[in-house]
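Take a look at the letters that make up each chain.
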Amino acid sequence: MNRFVSWLISKIKKREYKIDENLTSSVLIMILFNKMIMVIRGSYHKLLFKNSKGLVFIGKRVRIKSHKNIICGSGMTIEDDCFINALCKKGMVIGNNFSLGRNSMIECTGVIRELGEGITIGNNVGIAASTFLSVRGRVTIGDNTIFGPGVKIFSENHNFKDLEIPIYLQGATKLGIDIGEDCWIGANVIILDGVHIGKKVIVAASAVVNKDIPDYAIVGGIPAKILKMRNQ
């Protein structure tokens, strides 16, 4: 049973995948049953997407708005209680084997007077539970990047210079956020607008990133500073 499930997952992900040998057959059957239900839900959502490939796994109580703005690869998994608002100028483009942990939110537009730009997510990107991605400015996430739980991304900043006008009426700047490939963004990290994070970067848990980070850096703190370089 373990070999069969490992083979099946490897086929879906298009890469080798071996499950833990301690999983019993009864547990594996229950997991497969739950995945089948997720595929059935996913089949409905696939009909509404602009384009999709392969299987899509959708959990319970998932809400998706503006399906027609979503292009996704095979093996996309959206866990229970997630919310996605894909209303934006350039849509959502999602690679293969994307996963969004339960209770997470991707919000491309907050108010309809000014649509968000859009988001591009690479292959094999994993986003853990309770993550919030605010996609007002353009957001890109490279291949093989993983997010810990509770990560928050804010791709805009409110203008506030005029003391006579309420902040919410002064508009916002939207520089966007770019996260490179093969990064590890730790739990509860906050990434602010205008930041470029290079490839193979590690961001320590609870850091606040408000400046660019070079390739291979390990950063941490509030605000985040370079602690070490992985290639030195």
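Residues numbered from 1 in each chain as written. Predicted model: local features only at pLDDT ≥ 70, side-chain atom pairs only at ≥ 80, totals over all residues. Heavy atoms only, no water.

Visitor: Would you mind going over the overall build of the chain in detail, with residue names and values included?
Guide: Scanning the chain from N- to C-terminus turns up two helices and 25 strands. Relative to the compact-globule value of 17 Å for 232 residues, the chain shows a C-alpha radius of gyration of 19 Å, a close match. Over its C-alpha atoms, taken along the principal directions, the chain stretches across nearly 65 × 45 × 25 Å. A total of 232 residues make up the chain; the buried ones form 42% of that total. For the chain, the accessible surface area stands at approximately 12600 Å², while carbon and sulfur atoms represent 58% of it. Charged side chains in the chain number 31 positive and 19 negative. The centres of these two groups are separated by 6 Å. (Helix = DSSP H or I, 4+ residues; strand = E, 2+ residues; numbered from the N terminus. Rg over C-alpha atoms; globule rule 2.2 N^0.38 Å. Buried < 20%, exposed > 50% of the residue type's maximum accessible area, 1.4 Å probe, protein only. Areas by Shrake-Rupley, 256 points an atom, 1.4 Å probe, with all protein chains shown as cover. Lys, Arg positive; Asp, Glu negative; His and termini not counted. Charge placed at Lys NZ, Arg CZ, Asp CG, Glu CD.)

Visitor: Run through the pairing of strand β24 (residues 217-220), naming residues and quoting values.
Guide: In this structure, strand β22 (residues 202-203) lies alongside β24, joined through two bridges in parallel fashion. Bridge pairing in β24 links V203 to V219. Bridging between β24 and strand β25 (residues 225-229) involves four bridges; their strand directions are antiparallel. Bridge pairing links V219 to I226 in β25. The turn joining β24 and β25, which pair antiparallel and follow one another in sequence, is formed by four residues; a positive phi near 105° is taken by G221. (Pairing = 2+ DSSP bridges.)

Visitor: Outline the layout of surface pockets, listing residues and values.
Guide: If you add up the space inside the largest pocket, you get close to 760 Å³. Forming the boundary of the largest pocket are 29 residues, of which I9, I31, K35, F57 and T77 lie nearest the centre. Only α1 (2-13) and α2 (25-48) provide two or more residues apiece to the lining of the largest pocket. The volume enclosed by the second largest pocket comes to roughly 200 Å³. (1 Å grid on protein atoms, 1.4 Å probe; cavity = no way out; pocket = protein on both sides within 12 Å on 5 of 7 lines; lining within 4 Å. Points joined across faces, edges and corners; volume = space filled by probe spheres on them.)

Visitor: Tell me about the sheet that holds strand β20 (residues 190-191), and please be specific about residues and values.
Guide: Sheet strands associate in pairs through backbone hydrogen bonding, adopting either a parallel or an antiparallel arrangement. Strand order in the open sheet made by the seven strands is β3-β6-β9-β12-β15-β20-β23, with parallel pairing throughout. Every interior strand has two partners, whereas the edge strands, β3 (63-65) and β23 (208-209), have only one. Pairing geometry for strand β12 (residues 132-134) and strand β15 (residues 152-154), over three bridges, is parallel. Across the sheet, residue S134 finds its bridge partner in β15, namely F154.

Visitor: Report on the packing of aromatic side chains, specifying residues and quantitative values.
Guide: Applying the stated criterion to the full structure yields one aromatic pair. Centroid distance F132 to F154: 5.9 Å. Interplanar angle 55°. Geometry classified as tilted. Taken as a pair, F132 in strand β12 and F154 in strand β15 lie far apart in primary sequence, 22 residues in all. The class of F154 is partly exposed, set by a relative accessible area of 29%. In this structure, K35 packs its charged tip against the face of F57, placed 5.6 Å from the ring centre. (Phe/Tyr/Trp six-rings, centres within 6.5 Å; stacked < 30°, edge-to-face > 60°. Lys NZ or Arg CZ within 6 Å of the ring centre and 35° of its normal.)

Visitor: Kindly report on the environment of K13, identifying the contributing residues and their values.
Guide: Mapped onto the fold, K13 is located in helix α1. Counting along the chain gives 62 residues from K13 to G75, while the straight-line C-alpha distance between them is 6.3 Å.

Visitor: An account of the pattern of salt bridges is requested, with residue identities and associated values reported.
Guide: Tallying each qualifying case throughout the model produces eight salt bridges. Between D182 and K200 there is a salt bridge; the shortest N-O distance is 2.9 Å. Separated by 18 residues along the polypeptide, D182 in the loop between β18 (177-179) and β19 (184-185) and K200 in the loop between β21 (196-197) and β22 bring together distant segments of the chain. (Salt bridge = Lys/Arg side-chain N within 4 Å of Asp/Glu carboxyl O.)

Visitor: Describe the nonpolar core, listing the residues and the values that go with them.
Guide: Counting residues in each nonpolar core, the largest one holds 47 residues, and the members touching the most others are F98, I179, I185, I191 and I197. Taken together, the elements giving at least two residues each to this core come down to β2 (56-58), β4 (70-72), β5 (76-78), β7 (92-94), β10 (119-121), β13 (139-141), β18 and β24. (Core = buried A, V, L, I, M, F, W, Y, C linked by side-chain atoms within 4.5 Å.)

These figures capture arrangement, not role.
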